[in-house]
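Secondary and tertiary structure notes
What follows is each chain in one-letter form.
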Amino acid sequence: MTKLFNDPARFTEDMLAGFLDANSRYVAGVPGGVVRANKTAPGKVAVVIGGGSGHYPAFCGTVGPGFADGAVVGNIFTSPSAEEAASVARAAHGDAGVLLTTGNYAGDVMNFGLAVTQLKSEGIDAVYFAVTDDVASAPKGEEAKRRGIAGDFTVFKCASAAAEDGLDLENVVRVATAANDATRTLGVAFDGCTLPGADHPLFTVPEGHMGLGLGIHGEPGVADHPMPSAAELAATLVDGVLEDFPENASRRIAVILNGLGRTKYEELFVVWGTAAQLLRDKGFEIVEPEVGELVTSLDMAGCSLTVMWLDDELEKYWTAPADTPAYRKGAAVSASAGEKRTDAAADAAVEAPVLAELSDDDGRRCGQFVARAVTAIADMLADAEDELGRIDAVAGDGDHGRGMVKGSSAARTAADAAVAQDGGTASVLGAAGKEWAAKAGGTSGVLWGAMLSAVGARLGDTGTPQSAAVAAGLRDGYDALISLGGAAPGDKTMLDALLPFVEDLERRVKDGQSWQDAWPAAAQVATDAAKDTAQLRPKVGRARPLAERSIGTPDAGATSLAMCANTIAAVLTSEGDK
């Protein structure tokens, strides 16, 4: 159990403050994460890695010469927002472009992809790359669907070394692609991890068993097996990884035996002794192996085996020196070399508009209603946090409740601030959406942020929106989620509640009802649709590898969306036709 914390809701922020103080020789803080303490040298591609926290030393612990130029730091097991990713990349960028790279998770893919779009609009050459090394999460031939787990480390290391070597952005991406194509990982869990402040783990493993094919965000394994001896486990991991060898694989390999947070180094060395011998008996030459904690999952008990098949170029970059807070290899350039940053936060700043200049009195009154609705949603979600987390933990990582609470709480603060600046409907919705995405992170954060922003863009900052405009705005929000998330109705996501809600409200408005009168009935339709997701199998996201476990439990995202729709209905009822 994670025992040491102050406020569980601020665990990541408190962790990051201590990390920055302890490692000021290497890193400086910026909004959204950390960058090297010294500026990126002219002509060098910046490599920005990241994801949710809870995986130390991944990801902020590997920022420094020979490794990453910056790390985006999300909440525990939750994707950072697009704004945070863009902020860190903006600060890390020198003059030769930025590679942003994460594991292959829906929230990371969406948020970092949006960050790339934002950076390009600012004139910064940027590319996003997702690591897909987990052999248990999708079969051979469907590698693009696989999660990124401990193989993140080999890909990040090689791409970073290539950038340090002076390769341009196109070739740094080429090296990252080659490293990913050559990397395979299989992991096991002996016990689940516990979020700060929680009184129970995200999952449990039956007594005397282990979970094979775990994720690193608190996802359980895809199948339970009897607990083996260390030698039997080594054979399971070696055979499982080698069975999925890439085409034209070499006999020289980089290998990581990675501890997930609670399995001790001594235990790992016992497993490694057998694993190394098995690999050599099969004719492989092991190049500079790593045994220890590199990509953890809070206090999860378990380990994983990663193999990267080497060619001459990948071997060069795997063995290249590095000097970071948590990982050192060879004789790298000193972390104190180069021009010191004077204000890293300033490098990541963007100019904000004057909201009062965009709105009129009617728009401001509507903005005030939006703020009241967001406040009601935040209060409701705070009460529902545990239940939403329980639903999400059945086949996911159990963080949906906490993410929705953090997102809505931040949205409330942002909405109130926008109202205080005389913001209109669009400005209040946009501010709420931006902060919801920034603080919730993950898939739900970016989707809620995109939806609120799309609705706001349709409604504008002036005048009182008509019912047809509200219906059109909700359709825009739905379309934004379809475009952004790559999911479809029937995939067991929030779309399965949102689409029936939008369609019902559109129909009622078309029949002559005001949007205020139509909303409560449409919210009930969303509630019924959310309950019906219990019979669906998830086809996207972290729940996909555990689809069968999900049957019988409604989707957490669909459930929370319906709850939010009903909360707004209650606000409308209490305020009349405002």
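See the structure above.
Read on for a plain summary of the structure. (Residues numbered from 1 in each chain as written. Predicted model: local features only at pLDDT ≥ 70, side-chain atom pairs only at ≥ 80, totals over all residues. Heavy atoms only, no water.)

Bringing the side chain of Asp504 into the picture now. As for its position among the elements, Asp504 is in helix 15 (residues 495–510). For Asp504, the side chain forms a polar contact with the side chain of Arg507, separated by 2.9 Å. Not counting residues up to four positions away in its chain, the partners in contact with Asp504 are Ala521, Ala522 and Val525. (Helix = DSSP H or I, 4+ residues; strand = E, 2+ residues; numbered from the N terminus. Polar contact = N/O pair within 3.5 Å; in protein donor to acceptor, adjacent residues only side chain to side chain. Contact = heavy atoms within 4.5 Å.)

On to the pairing of strand 13 (residues 301–309), then. Within strand 13, nine of the nine residues are buried, leaving the element largely enclosed by the surrounding structure. The alternating pattern of strand 13 places Ala301, Cys303, Leu305, Val307 and Trp309 on one face and Gly302, Ser304, Thr306 and Met308 on the opposite face, and all of these are buried. Here eight bridges tie strand 7 (residues 183–191) to strand 13, and the two strands are oriented antiparallel to one another. Counted as the bridge partner of Arg184 is Val307 from strand 13. As paired strands, strand 10 (residues 252–259) and strand 13 are joined by seven bridges and run antiparallel to one another. Among the inter-strand pairings, Ile253 is bridged to a residue of strand 13, identified as Trp309. (Buried < 20%, exposed > 50% of the residue type's maximum accessible area, 1.4 Å probe, protein only. Pairing = 2+ DSSP bridges.)

So, about the pairing of strand 5 (residues 98–103). Most of strand 5 is tucked away, with six of its six residues classed as buried. Judged from the six bridges that link them, strand 5 and strand 6 (residues 126–131) form a sheet pairing that is parallel. Following the sheet pairing, Thr101 is matched in strand 6 by Phe129. Crossover strand 5 to strand 6 through helix 3 (residues 106–121) is right-handed. (Right-handed = clockwise from strand over helix to strand, strands pointing away.)

Where helix 10 (residues 361–393) contacts helix 18 (residues 556–575), the axes come no closer than 9 Å and their chain directions differ by 145 degrees. For helix 10 against helix 18, the interelement crossing comes out right-handed. Counted together, Phe369, Arg372, Ala373, Ala376, Ile377, Met380, Leu381, Ala384, Leu388, Ile391 and Asp392 of helix 10 and Ala556, Thr559, Ser560, Met563, Cys564, Thr567, Ile568, Val571, Leu572 and Glu575 of helix 18 form the full contact between these two elements. Looking at the contact of helix 10 with helix 18 residue by residue, the classes come out as 15 nonpolar, three polar and three charged. (Axes fitted to C-alpha atoms, helices over the stretch in contact; angles between N-to-C directions. Left-handed = near helix turned anticlockwise from the far one by under 90°. Nonpolar A, V, L, I, M, F, W, Y, C, P; charged D, E, K, R; others polar.)

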